[in-house]
Amino acid sequence: MRLTEIAYDSAQPVEGYGPGYFRIGGQVLEGACLISPWGAGPWGGLEDTAGPLALADRIDVLFVGMGADVAHVPAAFRAALEEAGVGVETMSSPAACRTYNVLLSEGRRVAIALLPV
């Protein structure tokens, strides 16, 4: 078996998560957060479309981590992003972190909005 080290260029993958926090680039973010290849910071949750919409011209898809379980995002949230040309995929936050890291390593245009587990 051949193992290949993953390279993320200058982007920061999600390094870990736990109850109420996410670790990105050695920094611990508490609560909901928005992470893209260009930075990571707090996010206002499912009522906050401004942060994700600011990335609309730089991403093709936003993964939304809904915490420990899978749930639907509010229709208005999905509609605002899709109207701006951004696909929205919902999943649990752990699954969103893993998916983001894989696609980030492939150079894809992705971001994640995460609710804590």
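Higher on the page you've got the structure.
Residues numbered from 1 in each chain as written. Predicted model: local features only at pLDDT ≥ 70, side-chain atom pairs only at ≥ 80, totals over all residues. Heavy atoms only, no water.

1. Topic: the packing of aromatic side chains
So, step 1. Across all of its chains, the model carries one aromatic pair by this definition.
So, step 2. Above the plane of the ring of Trp38 lies Arg58, whose end atom (NZ or CZ) is 3.9 Å from the centre. (Phe/Tyr/Trp six-rings, centres within 6.5 Å; stacked < 30°, edge-to-face > 60°. Lys NZ or Arg CZ within 6 Å of the ring centre and 35° of its normal.)

2. Overview of the pattern of salt bridges
So, step 1. Across all of its chains, the model carries four salt bridges by this definition.
So, step 2. Arg23 serves as the salt-bridge partner of Glu15, at 3.7 Å between the closest nitrogen and oxygen.
So, step 3. Between Glu106 and Arg108 there is a salt bridge, with its nearest N and O atoms 3.4 Å apart.
So, step 4. Owing to a relative accessible area of 46%, Arg108 belongs among the partly exposed residues under this scheme. (Salt bridge = Lys/Arg side-chain N within 4 Å of Asp/Glu carboxyl O. Buried < 20%, exposed > 50% of the residue type's maximum accessible area, 1.4 Å probe, protein only.)

3. Re the sheet that holds strand S8 (residues 110–115)
So, step 1. Ordered by their spatial adjacency, five strands build an open sheet running S5-S4-S8-S6-S7, and the pairing between neighbours is mixed. In the strand order of this sheet, the two ends are held by strand S5 (39–42) and strand S7 (87–91), each with one partner. The mean angle between the axes of side-by-side strands here comes to 15°, regardless of whether they run parallel or antiparallel.
So, step 2. Here five bridges tie strand S6 (residues 61–66) to S7, and the two strands are oriented parallel to one another. (Pairing = 2+ DSSP bridges. Helix = DSSP H or I, 4+ residues; strand = E, 2+ residues; numbered from the N terminus. Axes fitted to C-alpha atoms, helices over the stretch in contact; angles between N-to-C directions.)

4. Remarks on the pairing of strand S1 (residues 14–18)
So, step 1. In the sheet, S1 pairs with strand S2 (residues 21–24) via four bridges, with the strands oriented antiparallel. By the bridge assignment for S2, Gly16 is matched with Arg23.
So, step 2. Here S1 hands over to S2 after two residues, with Gly20 in that stretch at a positive phi of 85°.

5. Section: the sheet that holds S1
So, step 1. Spatial ordering of the open sheet is given by S1-S2-S3, a layout of three strands whose pairing is antiparallel. Of all strands in the sheet, those bounded by a partner on one side alone are S1 and strand S3 (27–30). This sheet shows a mean twist of 20° between the axes of neighbouring strands, independent of strand direction.
So, step 2. In the packing of helix H3 (residues 93–105) onto the sheet, the strands contacted are S1 and S2, and the crossing angle to S1 comes to about 175°. (Contact = heavy atoms within 4.5 Å.)

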